[in-house]
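Structural features, examined
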Amino acid sequence: MITLYGSLDSGNCYKPRLLAAKLGLPFRHVEISSRDGSTRTDAFLARNPNGKVPLLELEDGRLLWESNAILLYMAEGTRFLPSDRYGRGVVHQWLFFEQYSHEPYVAVRRALVRYPERAAMATPERLAETLAGGNRALGVMETQLAKAPFIAGRSITVADIALFAYTQDAEYAGFDLGSYPAVTAWLDRVRADPGHVQLEWTPPEL
Ligand SMILES: N[C@@H](CCC(=O)N[C@@H](CS)C(=O)NCC(=O)O)C(=O)O
């Protein structure tokens, strides 16, 4: 069985758990907190020299890190990844968008308002910058989702899983989702897709 190392409070770690749940793929969850130094131990750095979760360990011990790389690996041959070249290109486009234009604002703002140890970094300037960047990203999603039911087109893909993880908690991070009706309707569409689980979900012990 595969193992996912990650923190139950992290949207990046939620992504592969959510996809595994929707695929009905059994896995073992190992809690590694990104907040207590567990990602910086020698043992963890030997598995991911970048010191971040999520981390996937295959049955034969091979390792894979970066949440969206893990999603693409897990989605191979499933309904979450188109088989045609252009369709995959569009999915990759939105995965890169998530990492460069969405996560650095929406996820970072969530962390700034959520974690006491980040309070010193939550300056008015940083909060304003992440609010503006996050609203830019949500605006791009709104334009796309007014035209298509899912972010890469007609069907759910790993790009929806990647963008869902932090968008579903965007209100908590200080974003007004009332201004984004197409995004709000899309969140409900992703939730309605079979096998959906919440952020804190872990699989039953096998
Ligand atoms: N681009 C990475 C980001 C991963 C990331 O930032 N993980 C955070 C938790 S959300 C983490 O492990 N932080 C611990 C640290 O930096 O020490 C991904 O998508 O997997």
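Looking only at helices and strands, the chain features seven helices and four strands. Helices (α) and strands (β) of the chain occur, in sequence order from the N terminus, as β-α-β-α-β-β-α-α-α-α-α. Here the C-alpha atoms of the chain give a radius of gyration of 17 Å, agreeing with the 17 Å that 2.2 N^0.38 yields for 206 residues. Principal-axis analysis of the C-alpha atoms places the extent of the chain at approximately 45 × 45 × 30 Å. Counting only residues that meet the buried cut, the chain has 48% of its 206 residues in that class.

Close to the ligand lie 13 residues; Arg 40, Val 53, Glu 66, Ser 67 and Gln 99 are nearest. Thr 39 has a polar side-chain atom sitting 3.0 Å from an oxygen atom of the ligand. Protein coverage of the free-state accessible area of the ligand, which is 510 Å², stands at 81%. Residue composition of the shell around the ligand, grouped by class: three nonpolar, seven polar and three charged.

Strand order in the open sheet formed by four strands is E2-E1-E3-E4, and the pairing between neighbours is mixed. What marks the edges here is a single partner per strand, and that holds for strand E2 (27-31) and strand E4 (63-65). Here the average twist between neighbouring strands, direction ignored, is 20°. Here three bridges tie strand E1 (residues 2-6) to strand E3 (residues 55-57), and the two strands are oriented antiparallel to one another. Across the sheet, Leu 4 pairs through a bridge with Leu 56, a residue of E3. Lying on the sheet, helix H3 (residues 67-75) is in contact with E1, E3 and E4; it crosses E4 at an angle near 125°.

A few words now on the pattern of salt bridges. In total, this model carries twelve salt bridges according to the counting rule given. Note that Asp 60 is salt-bridged to Arg 62, the shortest N-O span being 2.9 Å. Under the relative-accessibility criterion, Asp 60 is labelled exposed at 52%. Residues participating in the shared-partner salt-bridge network are Asp 9, Arg 110, Arg 114 and Asp 169.

In the structure shown here, the tally under the stated rule is four aromatic pairs. For the ring pair Phe 164 and Trp 186, a centre distance of 6.4 Å and an interplane angle of 65° mean the geometry is edge-to-face. Separated by 22 residues along the polypeptide, Phe 164 in helix H6 (residues 158-167) and Trp 186 in helix H7 (residues 181-192) bring together distant segments of the chain. Assessed through its relative accessible area of 1%, Phe 164 is described here as buried. Joined through ring pairs, the aromatic side chains of Tyr 14, Phe 164 and Trp 186 make up one cluster. The positively charged end of Arg 114 is found above the aromatic ring belonging to Tyr 172, 5.0 Å away from the centroid.

Running from amino to carboxyl end, H6 crosses H7 at an angle of 115°, the nearest separation of the two axes being 11 Å. Between H6 and H7, the angle falls in the class roughly perpendicular. Note that H6 runs across H7; the crossing there is left-handed. Contact with H6, carried on its side by Asp 160, Leu 163, Phe 164 and Thr 167, involves Val 183, Trp 186, Leu 187, Val 190 and Arg 191 of H7 and no other residues of that element.

Turning to the domain arrangement of the chain, a few remarks are in order. Each assigned domain of the chain is listed here: domain 1 (2-75) and domain 2 (85-192). A straight line from the C-alpha centre of domain 1 to that of domain 2 covers 21 Å. Counting residues at the interface gives 16 residues for domain 1 and 18 residues for domain 2. Here domain 1 packs against domain 2, burying approximately 1400 Å² in sum over the two surfaces, 56% of which is carbon and sulfur. The largest per-residue losses of area from domain 1 upon contact with domain 2 belong to Asp 9, Arg 35 and Asn 68, which jointly make up 33% of the total buried on that side. Here domain 1 is connected to domain 2 by four salt bridges.

Conventions and cut-offs
- Residues numbered from 1 in each chain as written.
- Predicted model: local features only at pLDDT ≥ 70, side-chain atom pairs only at ≥ 80, totals over all residues.
- Heavy atoms only, no water.
- Helix = DSSP H or I, 4+ residues; strand = E, 2+ residues; numbered from the N terminus.
- Rg over C-alpha atoms; globule rule 2.2 N^0.38 Å.
- Buried < 20%, exposed > 50% of the residue type's maximum accessible area, 1.4 Å probe, protein only.
- Near = heavy atom within 4 Å.
- Polar contact = N/O pair within 3.5 Å; in protein donor to acceptor, adjacent residues only side chain to side chain.
- Areas by Shrake-Rupley, 256 points an atom, 1.4 Å probe, with all protein chains shown as cover.
- Nonpolar A, V, L, I, M, F, W, Y, C, P; charged D, E, K, R; others polar.
- Pairing = 2+ DSSP bridges.
- Axes fitted to C-alpha atoms, helices over the stretch in contact; angles between N-to-C directions.
- Contact = heavy atoms within 4.5 Å.
- Salt bridge = Lys/Arg side-chain N within 4 Å of Asp/Glu carboxyl O.
- Phe/Tyr/Trp six-rings, centres within 6.5 Å; stacked < 30°, edge-to-face > 60°.
- Lys NZ or Arg CZ within 6 Å of the ring centre and 35° of its normal.
- Parallel < 35°, antiparallel > 145°, perpendicular 65-115°, else oblique.
- Left-handed = near helix turned anticlockwise from the far one by under 90°.
- Domains from an automatic or database assignment.
- Buried area = accessible area lost by both parts, 1.4 Å probe.

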